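# Chain and residue survey
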Amino acid sequence: MEQGLLLSAMLFALGLLGVLVRRNLIMILMSLEVMLNATGLAFVVAGSRWGQADGQIMFLLILALAAAEVGVGLGLALHIFHRFATLDADSINEMQG
Amino acid sequence: MTLILFYLTSAVAIFATVMMITRLNAVHSLLFLILSLLAVGIIFFLLGAHFAAVLEVIIYAGAIMVLFVFVIMMLNQGHKTIVQERAWLQPGIWLGPSLLALFLFAELLVIIMLGGSADTGQVVNSKQVGIALYGPYLLAVELASLLLLAGLVGAYHFGKPMLKPKKPGSAS
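Residues numbered from 1 in each chain as written. Chains lettered and ligands numbered in written order. Predicted model: local features only at pLDDT ≥ 70, side-chain atom pairs only at ≥ 80, totals over all residues.

Moving on to the overall build of chain B. Along the backbone of chain B there are seven helices and zero strands. If you list the helices and strands of chain B from N to C, you get α-α-α-α-α-α-α. Looking at chain B as a whole, 30% of its 172 residues are labelled buried. (Helix = DSSP H or I, 4+ residues; strand = E, 2+ residues; numbered from the N terminus. Buried ≥ 20, exposed ≤ 12 C-beta atoms within 10 Å, placed from the backbone.)

Another aspect to go through is the overall build of chain A. When helices and strands are tallied, chain A shows three helices and zero strands. For chain A, the N- to C-terminal ordering of α and β elements is α-α-α. Computed over its C-alpha atoms, the radius of gyration of chain A comes to 16 Å, more than 25% above the 13 Å expected for a compact globule of 97 residues. Once the C-alpha set of chain A is aligned to its principal axes, its extents read approximately 50 × 25 × 15 Å. Counting only contacts in chain A whose residues sit at least 6 apart along the sequence, the fraction spanning at least 24 positions is 47%. (Rg over C-alpha atoms; globule rule 2.2 N^0.38 Å. Contact = placed C-beta atoms within 7 Å.)

How big an interface is tends to be stated in terms of accessible area lost as the parts join. Residue and element names in this part refer to chain B. Under the domain assignment used here, chain B contains domain 1 (2-124) and domain 2 (125-162). In this complex, domain 1 contributes four residues to the contact, which on the side of domain 2 involves four residues. Classifying every residue of the side of domain 1 that touches domain 2 by side-chain character gives three nonpolar, one polar and no charged. (Domains from an automatic or database assignment. Nonpolar A, V, L, I, M, F, W, Y, C, P; charged D, E, K, R; others polar.)

The next thing to look at is the interface of chain B and chain A. Taken together, the contact pairs 52 residues of chain B with 51 residues of chain A. Among the secondary structure elements, those contributing two or more residues to the side of chain B that touches chain A are α1 (2-22), α2 (26-47), α3 (50-74), α6 (126-133) and α7 (138-163) of chain B. It is α7 of chain B that provides the largest number of residues to the side of chain B that touches chain A, a total of twelve residues. Residue composition of the side of chain B that touches chain A, grouped by class: 40 nonpolar, twelve polar and no charged.

A separate point is helix α5 (residues 91-113) of chain B. Residues and elements named next belong to chain B. The end-to-end C-alpha distance of α5 is 32 Å, a good match for the 33 Å that 23 residues give at a rise of 1.5 Å each. Listed in full, the buried residues belonging to α5 are Pro97, Leu100 and Glu107. The inward-facing, buried residues of α5 abut α1 and α2. Following α5 by one or two positions, Gly115 adopts a phi angle in the positive range, close to 100 degrees. (Expected span 1.5 Å × (residues − 1).)

This part is about the nonpolar core. General note: in soluble globular proteins, nonpolar side chains tend to be found buried as a group. Within the largest apolar cluster, 68 residues are counted, with the highest numbers of intra-cluster contacts made by Ile26, Leu41 and Val44 of chain A together with Ala39, Ile43 and Phe44 of chain B. At the level of elements, α1 (2-21), α2 (25-50) and α3 (54-84) of chain A together with α1, α2, α3 and α6 of chain B are the ones that each hand at least two residues to this core. Broken down by element, the residue count for this core peaks at 17 residues, all from α2 of chain B. The two domains that each donate at least three residues to this core are domain 1 (2-124) and domain 2 (125-162) of chain B. If we ignore the near neighbours within four places in the chain, the residues touching Ala39 of chain B are Thr9, Val12, Ala13, Ala16 and Leu104 of chain B. (Core = buried A, V, L, I, M, F, W, Y, C linked by C-beta atoms within 7 Å.)

All right, on to the environment of Leu17 of chain A then. Along the polypeptide, Leu17 of chain A turns up in helix α1. Here the alpha-carbon distance between Leu17 of chain A and Ser48 of chain A, two residues 31 residues apart in the chain, equals 28 Å.

This part takes up the packing of α1 of chain B against α2 of chain B. All names here are of chain B. It is the contact of α1 with α2, at a shortest axis distance of 8 Å, that shows an interaxial angle of 160 degrees. As the angle between them shows, α1 and α2 are arranged roughly antiparallel. The element α1 and its partner α2 pack so that their crossing is left-handed. Contacts from Thr2, Leu5, Phe6, Thr9, Ser10, Val12, Ala13, Ala16, Thr17, Met19 and Met20 in α1 reach Ser29, Phe32, Leu33, Leu35, Ser36, Ala39, Val40, Ile42, Ile43 and Leu46 in α2. Residues that form the contact of α1 with α2 fall into these classes: 15 nonpolar, six polar and no charged. (Axes fitted to C-alpha atoms, helices over the stretch in contact; angles between N-to-C directions. Parallel < 35°, antiparallel > 145°, perpendicular 65-115°, else oblique. Left-handed = near helix turned anticlockwise from the far one by under 90°.)

Laid out in structure tokens, this is it:
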């Protein structure tokens, strides 16, 4: 069980590293997916440890959250690309109304 | 035996995630991200969460990654696309992820040969999950459906300016 939680923590740290290091919006969204997946893994590991179904149910809810987040996030990325002609997260730090 | 498989699959997952955040090309990192999600699905299977494993493969590695593929395709329009795709599809690019995916498939076959037993955790089958999902967690299911509806409306709102034909002279 500790190995599962350790793997979850490592995947979460890698996802966080990706969010912080990469500047492409698509890459940031993909790293966010890795982080959400790592939290789901932690829930499933805990549910498997205690033999309860609650862990998998939390994983299902995280799955729905990830689907909604990807839909909105990719729509936002498309919008930003059409408006600024770039996907660099640093170049869109000014809001002009 | 199952613990060895668990460690091997964890190594594949971590390797794929590291490769994903270090690739410069979005398509290459997408390949490695799919591999990482497949590896986590195998880990769910090893932990005895069969329903979560199936959902991981179908929804995460299937549906959500298709969205990423569509957006990457839409953002790469132009005459350079054909040259770019030819460069992307060189054997050296997809050979690594394919071999690791084949390795995961071999692991799955080994698990099935061993009888599908999970030594690393207690098996929680889909019947228990379904009973709990539509019993005490009914309100959470409704909230998730509401969240998905809100996501749909938001994505449509963001995509609407691109669906309309642009008037000449109008900004954005």
